[in-house]
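# Architecture at a glance
Listed below are the residues making up each chain.
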Amino acid sequence: MIRVAVLIPCYNEEVTISKVVRDFRASLPEATIYVYDNNSSDGTQAAARVAGAVVRREMMQGKGNVVRRMFADIDADAYVLVDGDDTYDSADAVRMLHMLADDQLDMVTGARVTDIKAAYRPGHRLGNVILTGMVRQIFGNRVSDMLSGYRVFSRRFVKTFPALASGFETETEFTVHALELGMPVDELSTAYRDRPAGSASKLRTYTDGIRILHTIVTLVKEERPLQFFSIIGAIMLILGLLLGTSVILQFLQTGLVPRLPTAVLASALVMLSFLSLVCGLILDSTARGRKEFKRLAYLAVPAISAGVTQMRRVS
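Residues numbered from 1 in each chain as written. Predicted model: local features only at pLDDT ≥ 70, side-chain atom pairs only at ≥ 80, totals over all residues. Heavy atoms only, no water.

## Observations concerning the packing of helix α9 (residues 225–254) against helix α10 (residues 260–299)
For the pair α9 and α10, the least separation of the axes is 7 Å and the interaxial angle reads 165 degrees. Classified by the interaxial angle, the pair formed by α9 and α10 is roughly antiparallel. Here α9 runs over α10; the crossing is left-handed. For the contact of α9 with α10, the per-class residue count stands at 19 nonpolar, eight polar and one charged. (Axes fitted to C-alpha atoms, helices over the stretch in contact; angles between N-to-C directions. Helix = DSSP H or I, 4+ residues; strand = E, 2+ residues; numbered from the N terminus. Parallel < 35°, antiparallel > 145°, perpendicular 65-115°, else oblique. Left-handed = near helix turned anticlockwise from the far one by under 90°. Nonpolar A, V, L, I, M, F, W, Y, C, P; charged D, E, K, R; others polar.)

## Re the pattern of salt bridges
The tally for this structure, following the rule as stated, stands at 19 salt bridges. D86 is the salt-bridge partner of K19, the closest N and O atoms lying 3.5 Å from each other. Of the two residues, K19 sits in helix α1 (residues 17–27) while D86 sits in the loop between β4 (78–81) and α4 (91–102), which places them 67 residues apart along the sequence. Using a relative accessible area of 35% as the deciding quantity, one classes K19 as partly exposed. The buried category is assigned to D86, whose relative accessible area is 7%. Ionic contacts of the salt-bridge type, sharing partners, join the residues R3, D75, D77 and R155 into one network. (Salt bridge = Lys/Arg side-chain N within 4 Å of Asp/Glu carboxyl O. Buried < 20%, exposed > 50% of the residue type's maximum accessible area, 1.4 Å probe, protein only.)

## So, the pairing of strand β2 (residues 32–37)
In the case of a regular strand, side chains alternate between the two sheet surfaces. Burial analysis of β2 places six of its six residues in the buried class, which makes it a mostly covered element. The alternating pattern of β2 places T32, Y34 and Y36 on one face and I33, V35 and D37 on the opposite face, and all of these are buried. As paired elements, strand β1 (residues 2–10) and β2 share six bridges and run parallel to each other. Bridge pairing links L7 to Y34 in β2. With α1 bridging β1 and its parallel neighbour β2, the resulting β-α-β unit is right-handed. The pairing of β2 with strand β3 (residues 54–57) spans four bridges and is parallel. Residue pairing in the sheet places Y36 in a bridge with R56 of β3. Note that the unit made of β2, helix α2 (residues 44–51) and β3 has a crossover that is right-handed. (Pairing = 2+ DSSP bridges. Right-handed = clockwise from strand over helix to strand, strands pointing away.)

## Describing the layout of surface pockets
Each pocket or cavity is described by its volume, and for the second largest pocket that value is around 360 Å³. Lining the second largest pocket are 18 residues, with L164, E173, T218, L219 and E222 positioned closest to its centre. Of all the elements in the fold, those that place two or more residues in the lining of the second largest pocket are α7 (170–180), α8 (205–223) and α10. Here the lining of the second largest pocket gets six residues from one element, more than from any other, and that element is α8. Here the lining of the second largest pocket is built from residues that sort into seven nonpolar, four polar and seven charged. (1 Å grid on protein atoms, 1.4 Å probe; cavity = no way out; pocket = protein on both sides within 12 Å on 5 of 7 lines; lining within 4 Å. Points joined across faces, edges and corners; volume = space filled by probe spheres on them.)

## A short note on the nonpolar core
Within the largest apolar cluster, 34 residues are counted, with the highest numbers of intra-cluster contacts made by V6, I8, F24 and V80. Every element with two or more residues in this core is listed here: β1, α1, β2, α2, β4 and α4. With sequence-adjacent residues up to four places away left out, I8 is seen in contact with I17, V20, V21, I33, Y34, V35, Y36, M70, V82, D83 and G84. By size, the runner-up hydrophobic cluster in this structure holds 24 residues, among which are V66, A76, F153 and F157. (Core = buried A, V, L, I, M, F, W, Y, C linked by side-chain atoms within 4.5 Å. Contact = heavy atoms within 4.5 Å.)

## Focus on the side chain of T109
Within the secondary structure, T109 is located in strand β5 (residues 107–113). By relative accessible area, T109 is classed as buried at 4%. Contacts of T109, omitting those with residues within four sequence positions, involve M96, D145, S148, Y150, R151, D186, E187 and L188.

## Side note on the side chain of T87
For T87, the position within the fold is in the loop between β4 and α4. Residue classification places T87 among the buried residues on the basis of a relative accessible area of 2%. Polar contacts involving the side chain of T87 include one to the side chain of D85, which spans 2.7 Å. Other than its neighbours up to four places away in sequence, T87 contacts A191, Y192, R193, D194 and R195. (Polar contact = N/O pair within 3.5 Å; in protein donor to acceptor, adjacent residues only side chain to side chain.)

## Some details on the environment of E180
By the element assignment, E180 lies in helix α7. Taking the C-alpha atoms as reference, E180 lies 22 Å from I210; in sequence the two are 30 residues apart. In this view, E180 contacts F139, E223, R224 and K291; residues no more than four positions away in its chain are not counted.

Shown next as structure tokens:
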């Protein structure tokens, strides 16, 4: 028998939170539903409490901060993380939990499927494809919807997840953490619908997109430093050679260096390129040590027990 916790981070979701809580109570009657309010100025807390959720508050603004608090506070065997905007189908959580337990997985992502343009706007869809594609190319081709807010986690994922992000980039951290440690993960296609009338999205398309891109670059630097600094070194080497070739040819022909500043800049770029490579080699060894430590910490947490059909409330 496993304990299941439903985690719902919320910010000004008075219009939708009651229905979300009721739907998950119906789909997962033995689960405990937690709503973490993130400084809402409306009646989100009261609505969630009336609907039967355990309501708590996180003062630090941002979804990543709420996720960090939830993962630290709540003790369970399996965790369902879902947005409080009523855009996901609660019935899919049961299937995702079955996958988690039956296949001994650590993360199941609800890959969004919809034909409603208002629910999944073309700009958001394109951004997701581009950002997910970058992660697939660098960290492994095992995800199709990196930015989905609907996920199911095992206890050993939650209790070994660093949770360093503060905002919507936390979904990127979920994916990279699982891929880098070689965790067993899977996806389930899930219906994605538009927000009900009267509710508004908190996602800022360009601002959050830039933050997610910055997070990807940072994670590449931290997890794949040799690849990161080798690319920088290669760029500087190419620039140095392009600038220095003409200077070298002139020196061979005339024995003079008429463009001394260009020669100095080219030499500096070439030296910096090799220095970047050396930094990458050193940091790669450090990153490998960190990865081994995280893997050992992950293995120290017991895997989820099979038999998700038997669930009980989190005490």
